[in-house]
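The residues making up each chain are set out below.
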Amino acid sequence: MPDTKNTEHLNYSEKNFDPPTEEDFLNSLSDKNAHQEAGFGTYILIWLGLISLTAITVALAGINLAGLTVITALAIAIIKSSLVANYFMHIKFDAPIFKIFIAVSLIIFVLMIVLTFFDLIFRN
Amino acid sequence: MNSQSDTKYIHYLQYRGKFKGIPGWLLTTDHKKIGLLYLIAMITFFLVAMSLGFLMKLEMLKPSSTKGSTLMSAQTYNAVFTLHGVIMIFLFIIPGIPAVFGNFFLPIMLGARDVSFPKINLLSWYFYIAGAVIVLISLHTGGGPIDTGWTFYVPYSIRTTANVSLAVFGAFVLGFSSILTAINFITTIHHLRAPGMKWFKMPLFAWGLYATGWIQILATPVIGITLLLVILERTLGVGIFDPALGGDPLLYQHLFWIYSHPAVYIMILPAMGLVSEIIPTFTKKNIFGYSAIAVSSLAIAFVGYLVWGHHMFTSGISDTSRAIFSFLTFVVAIPSGVKVFNWVATMYKASIDPRTPFLFIMAFIVLFSIGGLTGLVLGALDTNIHVTDTYFVVAHFHYVMFGGMGTLFFGGLYYWFPKMFGKLFNEKIANTGLILFVTGFNVLYFTMFIMGYQGMPRRYYTYLAEFQTLQVISTIGSWIMISGILILLGNLVYALFRGRKAPDNPWGGTTLEWTIPSPPPVYNFEKIPVITKGPYERN
């Protein structure tokens, strides 16, 4: 992911008329433009959290929760995927536009599911 | 910047990079050359699929008697209409306008020197060709040409002995081409607009491509997974769709149309963007309702996701969802209507210059309106039951897709041909070709509305004797239409070699592509322009 807080190397068109050079590109990779992101310790914690949630999922699979089984499994999956997206995929530290992209995608996904279930639930 | 053409410059067709000749084309990362690579491939596929359509109509000249078939057997007819559909839909209509004109003109219209990811752009073309080659191989291997219709409906597609697996894998590969092109366009629109070009100062063609890009990214993976599941079901018998194994065939239809209905908007939104480019040029006016047209593209893209169930009204889905999908189908007509009214309002009291590209727009509005209004007949639950799976549906989507996107593909080619190749074409011949095309089109497809209403089912290789008069008229229409298309294409090929040199701005257009020389220089702009006014504002 490019560093969206410091986008001088991308917004060349607003600064001057020349496209970015190789030097600009290398600068964009250097330390001064490094991502503002979580530390090593946080990643380890998230990883441990994911492992624990997986363990809970496996444990719950053995217990009969009747109607709650699917809901519990999905709830855990949602927590896990949001951790991965936010930390490992850096969405938490990226520009708002990426959050909007993901929100739009999620809304459309939810609508697809809801509309499909209008068929399944009400079918004779 | 018109003075550029007086000074010597190297245009993109003259430019020799690292490689010459064919490798120079096959390894190019110039968005304009990649656009031309798509153009060559697409015209080829279009002509192949058109020939298949010609054969289908020829078969319909006479009903097959009990003594034997006329031109082809039932099985051959099944394969022919499937191939006609697969090639037209997946290789021409869906990628058509974005891949050819989007690639060629989007960066220029935004004031950029290329798309954001030129190498990925070339990779998209290779995915496109690879997908096409895989489909081609599937015809001659395994159980032979696919015979399921372009929708690959289960359970038949799981049980037929035809080579379904390889053919749908070809469609799966084509999806990558679509997604990568969309990522490229969206990134380009976000990052490479010229200084001063705010969102609402972008040309409307770019808005069309932007809305299309989002549909391509969000919907294409659904069909990709679905087609893989069909392959898995055929090879491993996993039982997701096959009722004999506990699967649900309606699930396939849901998943297929969750992609394929939005795909209809992938086909039409860039075409509508093209209309919004051509009308201001030939009315010499600023477009009426710029923001309404721009936002309606996004609205169509969004609502277009929510109407897929109208393809399944008679498949056995629940009454509740039928009512909901029927309602949403009527809602999607609103933003489409917004566009048409704005176009007409732009033309109102304008000093219209009815040149060839503008006549294509007139043809489009008439044909697309007939297609759109008959879509309402199909979207209403009661009338839908009557005409489902008849020629009425076939006529409707040919009016929408071919009359819509197809007409504008040629319209776009005629509008931008002088810019792309720096040559002028003969307008009288073009107009003759267009008149033949529109006349033949209506004779061919309008009779299909009547036959469909009378109960002629689609996808049959023969018919009852009572339909013969209309079938013959329809077949004659196909001959008129094809001769029109051949004249339209032949005229451009002639112009390519013998045409007079085109000026930089032959039509008096206001968007950025008309400010650079014809054909465009290698990197489009010597200096990136600064935008101070709207795309269609005149002095």
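Sequence positions are assigned chain by chain, starting from 1 and proceeding in written order. Labels are handed out in written order, letters beginning with A for the chains and numbers beginning with 1 for the ligands. Under the rules for a predicted model, residues below a pLDDT of 70 receive no local features and side-chain atom pairs below 80 are neither given nor counted, while totals for whole chains, interfaces and linings still include all residues.

Novice: Would you mind going over the overall build of chain B with me for this structure?
Specialist: When helices and strands are counted, chain B shows 16 helices and zero strands. Scaling as 2.2 N^0.38, a compact globule of 539 residues should have a C-alpha radius of gyration of about 24 Å, and chain B matches this with 23 Å. Across its three principal directions, the C-alpha atoms of chain B cover 70 × 45 × 45 Å. Once C-beta atoms are placed from the backbone, any two residues with those atoms within 7 Å are in contact. Residue pairs at least 24 apart in sequence account for 84% of intrachain contacts in chain B once pairs closer than 6 positions are excluded. Counting from the N terminus, the helices are the DSSP runs of H or I reaching at least four residues and the strands are the DSSP runs of E reaching at least two. In this treatment the radius of gyration is a C-alpha quantity, and the globule benchmark scales as 2.2 Å times the residue count to the 0.38 power.

Novice: When you look at the overall build of chain A in this model, what are you seeing that I'm missing?
Specialist: When helices and strands are tallied, chain A shows five helices and zero strands. Scanning chain A from its N terminus toward the C terminus, one meets helices and strands in the order α-α-α-α-α. Burial is judged by counting other C-beta atoms within 10 Å of a residue's own C-beta: 20 or more means buried, 12 or fewer means exposed, and anything between counts as partly exposed, with every C-beta placed from the backbone. Put simply, chain A has 124 residues, and 6% of those count as buried.

Novice: In this structure, what is going on with the domain arrangement of chain A? I would like to understand it.
Specialist: A common way to state how big an interface is: give the accessible area lost once the parts meet. Domain delimitation follows an automatic or database domain assignment. Taken domain by domain, chain A consists of domain 1 (1-36), domain 2 (39-93) and domain 3 (95-124). Averaged C-alpha coordinates put domain 2 of chain A and domain 3 of chain A at centres separated by 21 Å.

Novice: Looking at this structure, I do not really get the confidence of the model for chain A. What am I missing?
Specialist: Regions with low pLDDT should not have their predicted coordinates read in detail. All names here are of chain A. With 70% of its residues at a pLDDT of at least 70, chain A reaches an overall mean of 78. Think of pLDDT as the predictor's per-residue confidence, scored from 0 to 100. For chain A, helix 1 (residues 12-15) is the element with the lowest average pLDDT, namely 42, and helix 3 (residues 40-61) is the one with the highest, namely 93. Considering only residues more than four positions removed or in separate chains, one finds that residues 1-17, a stretch of pLDDT under 50, has 25 contacts.

Novice: Even after reading the chapter, I still don't get the packing of helix 4 (residues 96-110) of chain B against helix 8 (residues 204-236) of chain B, so can you show me in this structure?
Specialist: The relative placement of two packed helices is expressed as an angle between their axes plus a distance between the axes. Residue and element names in this part refer to chain B. Between helix 4 and helix 8, the shortest axis-to-axis distance is 10 Å and the interhelical angle comes to 125 degrees. Of the possible angle classes, the one that applies to helix 4 and helix 8 is oblique. As helix 4 packs across helix 8, the resulting crossing turns out to be left-handed. Contacts between helix 4 and helix 8 involve Pro98, Gly102, Phe105, Leu106, Met109 and Leu110 on the former and, on the latter, Phe205, Ala206, Leu209 and Thr212. Across the contact of helix 4 with helix 8, the residue classes tally to eight nonpolar, two polar and no charged. Helix axes are fitted only over the stretch in contact, all axes being lines through C-alpha atoms; the angle between N-to-C directions runs from 0 to 180 degrees. When describing relative orientation, an angle under 35 degrees is termed roughly parallel and one over 145 degrees roughly antiparallel, while 65 to 115 degrees is termed roughly perpendicular and anything else oblique. Definitions for this section: a left-handed crossing has its near helix turned counterclockwise from the far helix by less than a right angle. A right-handed crossing has that turn clockwise. For this scheme, ten residues count as nonpolar: Ala, Val, Leu, Ile, Met, Phe, Trp, Tyr, Cys and Pro. Four count as charged, namely Asp, Glu, Lys and Arg, and the remainder, Gly too, count as polar.

Novice: Help me understand the interface of chain A and chain B, please; the structure alone is not making it clear to me.
Specialist: Counting residues at the interface gives 15 residues for chain A, matched by 19 residues for chain B. Looking at the side of chain A that touches chain B, the elements that each hand over two or more residues are helix 1 and helix 5 (96-122) of chain A. The biggest single contributor to the side of chain A that touches chain B is helix 5 of chain A, with nine residues. Split by residue class, the side of chain A that touches chain B holds nine nonpolar, three polar and three charged.

Novice: Please clarify how the confidence of the model for chain B should be interpreted in this entry.
Specialist: Residues and elements named next belong to chain B. Across chain B, pLDDT averages 93, with 98% of residues at or above 70. pLDDT under 50 marks residues 1-5. Its contacts with residues more than four places away, or in other chains, come to 10 contacts. Two summary scores accompany this predicted model of the complex, namely pTM at 0.90 and ipTM at 0.84.

Novice: I would appreciate a short explanation of the nonpolar core in the present structure.
Specialist: The tendency in soluble globular proteins is for nonpolar side chains to be buried as a group. We define the nonpolar core as any set of buried residues of the types Ala, Val, Leu, Ile, Met, Phe, Trp, Tyr and Cys, connected via C-beta atoms lying within 7 Å of each other. Counting 167 residues, the largest nonpolar core has B:Ala206 and B:Val275 as the members making the most contacts within it. Setting aside residues up to four positions removed in sequence, B:Ala206 forms contacts with B:Leu106, B:Met109, B:Leu110 and B:Ile189.

Novice: Is there a simple way to think about the packing of helix 12 (residues 356-379) of chain B against helix 15 (residues 427-454) of chain B in this case?
Specialist: Residue and element names in this part refer to chain B. Two elements in contact, helix 12 and helix 15, have axes whose closest approach is 10 Å; the angle formed by their N-to-C orientations is 10 degrees. When the interaxial angle is binned, helix 12 and helix 15 end up roughly parallel. Taking contact as the criterion, the partners of Thr356, Leu359, Phe360, Ala363, Leu367 and Thr374 in helix 12 are, on helix 15, Glu427, Ala430, Asn431, Leu434, Val438, Phe441 and Phe449.

Novice: Explain the environment of B:Val443 here, please?
Specialist: All names here are of chain B. Tracing the sequence through the fold places Val443 in helix 15. Residues Val443 and Ile480, 37 residues apart in the sequence, show an inter-C-alpha distance of 8.6 Å. In this structure Val443 touches Ile473, Ile476, Gly477 and Ile480, once residues within four positions along its chain are discounted.

Novice: Got a minute to help me understand the environment of B:Leu110 in this structure?
Specialist: For B:Leu110, the location among the structural elements is in helix 4. Taking the C-alpha atoms as reference points, B:Leu110 and B:Leu192, separated by 82 residues in sequence, lie 7.0 Å from one another.

Novice: Mind showing me how you'd approach unusual backbone geometry here?
Specialist: Trans peptide bonds make up most of the peptide bonds, and negative phi angles are found at most residues other than glycine. All names here are of chain B. In this chain, Val154 is followed by Pro155 through a cis amide linkage whose omega measures -5 degrees. Locating Pro155 in the fold gives a position in the loop between helix 5 (118-140) and helix 6 (156-159). Here the bond from Ser518 into Pro519 is cis, since omega is -15 degrees, no more than 30 degrees from zero. Along the chain, the position of Pro519 falls in the segment after helix 16 (468-498). One non-glycine residue with positive phi stands out, namely Lys349, at about 60 degrees. You can see Lys349 is positioned in the loop between helix 11 (319-347) and helix 12. Taking the number of C-beta atoms within 10 Å as the measure of exposure, Lys349 has 9 and is therefore exposed. For Asn524, which is not glycine, the phi torsion reads 65 degrees and is therefore positive.

Novice: Teacher, can you tell me more about helix 4 (residues 68-88) of chain A here?
Specialist: Within an α-helix, residues lying three or four positions from one another point in the same direction, as the helix has 3.6 residues per turn. For a helix, the expected span equals 1.5 Å multiplied by the number of residues minus one. For helix 4 of chain A, built from 21 residues, the straight-helix expectation of 30 Å at 1.5 Å per residue is met to within 8% by its first-to-last C-alpha distance of 29 Å. Taken from the residues just after helix 4 of chain A, A:His90 is the one with a positive phi, measuring 65 degrees.

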